[in-house]
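Observations on the model geometry
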Amino acid sequence: MEELYFTPNSFRFLRQLARNNDRDWFSTHRDEYERHVRLPAYRFVTDCAAPLGGVSPHLSVDAGRPGTSVFRIQRDMRFGDDKTPFKTHTGVHIRHGAIAGARSPGFYLRLEPGNCHLSAGVWRPAGEAAAAIRAAIAAHPDEWSAAIGDPDLVDVWSMDGESLVRPPAGFDPDHPLIGEIRRKDFAARRPLTQRQVTAGDFLDVFVDSCRRATPLMRFVCRALGLDY
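Note that the coordinates shown come from a computational prediction; the quantities given were computed from them, not determined experimentally.

Our focus in this paragraph is the overall build of the chain. Per the secondary structure count, the chain includes ten helices and six strands. The globule rule puts the C-alpha radius of gyration for 228 residues at 17 Å, and the 19 Å found for the chain is close to it. Taken along its principal axes, the extent of the C-alpha atoms in the chain is 60 × 45 × 30 Å. Classification of the 228 residues of the chain by burial places 45% in the buried group. Put simply, of all contacts in the chain between residues at least 6 apart along the chain, 65% involve residues at least 24 apart. Carbon and sulfur atoms form 49% of the exposed surface of the chain, whose accessible area is close to 11,400 Å².

Listed below in structure tokens is the structure:
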């Protein structure tokens, strides 16, 4: 029998949380959160470790500490205008082991009613990292084009994110891939449905998606001086 991680109850809880986003309600329903959201996410991450090792030995899978591979449900209210105490989605981040934090190359799974997706690559890298990836694209345009156009990748992924309005300083505005160099995010996105997420083969779908993103991941990691 295939393993079930997330279920319709996971999404039911998140919808209820969106309607009752306060600490008293959450305290009363904490057991539901644990049973339907947090513990399934930790089991999912734990079971990802072995198959993802076949995708890349450099991916870090850490289900042992809150806020590592499984994001906390509590919102950091120091930043942003949203002062509700809880996120209304759950997130899983499988990152490259050499760089800590959300800007590490890796995979991000977001589960939210009506907005489930998987991301691969580097989202909003900091100045030096962004410059390194742009320089690699400028120096190796054919390799970047081959990576993001790889048939295995484009079968399920599409490039995602925002771009600068103008070419970044130090780059030829007439470069044939200036549109790619202007990217703020060097990432791809795969939309997911609730039906896919709650199916018994979701772990296989997740791992296969990560495998298909290898050309993109290999390029951005190499640009950052990392093995993949």
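Having seen the structure, we can now continue with the description.
Spatially, the six strands line up as an open sheet ordered E1-E2-E3-E4-E6-E5, and their pairing is antiparallel. Looking at the sheet topology across the chains shown, the edges are occupied by strand E1 (59-60) and strand E5 (158-160).

All right, on to the pairing of strand E2 (residues 90-96) then. Of all seven residues in E2, seven are buried, a share of seventy percent or more. Here two bridges tie E1 to E2, and the two strands are oriented antiparallel to one another. Its bridge partner lying in E2, serine 60 is registered against arginine 95. One ladder, built from six bridges, connects E2 with strand E3 (residues 106-111); its direction is antiparallel. In the sheet register, valine 92 faces E3, and the bridge partner there is leucine 109.

This brings us to helix H4 (residues 127-139). Given a rise of 1.5 Å per residue, 13 residues ought to cover 18 Å, and the 18 Å separating the end C-alpha atoms of H4 matches this to within 8%. Those residues of H4 lying buried are Ala130, Ile133, Arg134, Ala136 and Ile137. Across the axial projection of H4, the buried residues extend over an arc of 155°, all falling on one side. Facing away from the buried side of H4 by over 90 degrees, the exposed positions are Gly127, Glu128 and Ala139. Against the buried residues of H4 lie strand E4 (116-122), helix H5 (141-148), helix H7 (178-181), strand E6 (186-192) and helix H10 (214-223).

Two elements in contact, helix H3 (residues 30-53) and helix H9 (residues 202-212), have axes whose closest approach is 10 Å; the angle formed by their N-to-C orientations is 50°. Our classification of the angle between H3 and H9 gives oblique. Between H3 and H9 lies a crossing of right-handed hand. Seen from H3, the contacting residues are Phe44, Asp47, Cys48, Pro51 and Leu52; seen from H9, they are Phe202, Leu203, Phe206, Val207 and Cys210. Here the residues of the contact of H3 with H9 sort into nine nonpolar, no polar and one charged.

Definitions and limits used
- Residues numbered from 1 in each chain as written.
- Predicted model: local features only at pLDDT ≥ 70, side-chain atom pairs only at ≥ 80, totals over all residues.
- Heavy atoms only, no water.
- Helix = DSSP H or I, 4+ residues; strand = E, 2+ residues; numbered from the N terminus.
- Rg over C-alpha atoms; globule rule 2.2 N^0.38 Å.
- Buried < 20%, exposed > 50% of the residue type's maximum accessible area, 1.4 Å probe, protein only.
- Contact = heavy atoms within 4.5 Å.
- Areas by Shrake-Rupley, 256 points an atom, 1.4 Å probe, with all protein chains shown as cover.
- Pairing = 2+ DSSP bridges.
- Expected span 1.5 Å × (residues − 1).
- Arc of directions from axis to C-beta.
- Axes fitted to C-alpha atoms, helices over the stretch in contact; angles between N-to-C directions.
- Parallel < 35°, antiparallel > 145°, perpendicular 65-115°, else oblique.
- Left-handed = near helix turned anticlockwise from the far one by under 90°.
- Nonpolar A, V, L, I, M, F, W, Y, C, P; charged D, E, K, R; others polar.

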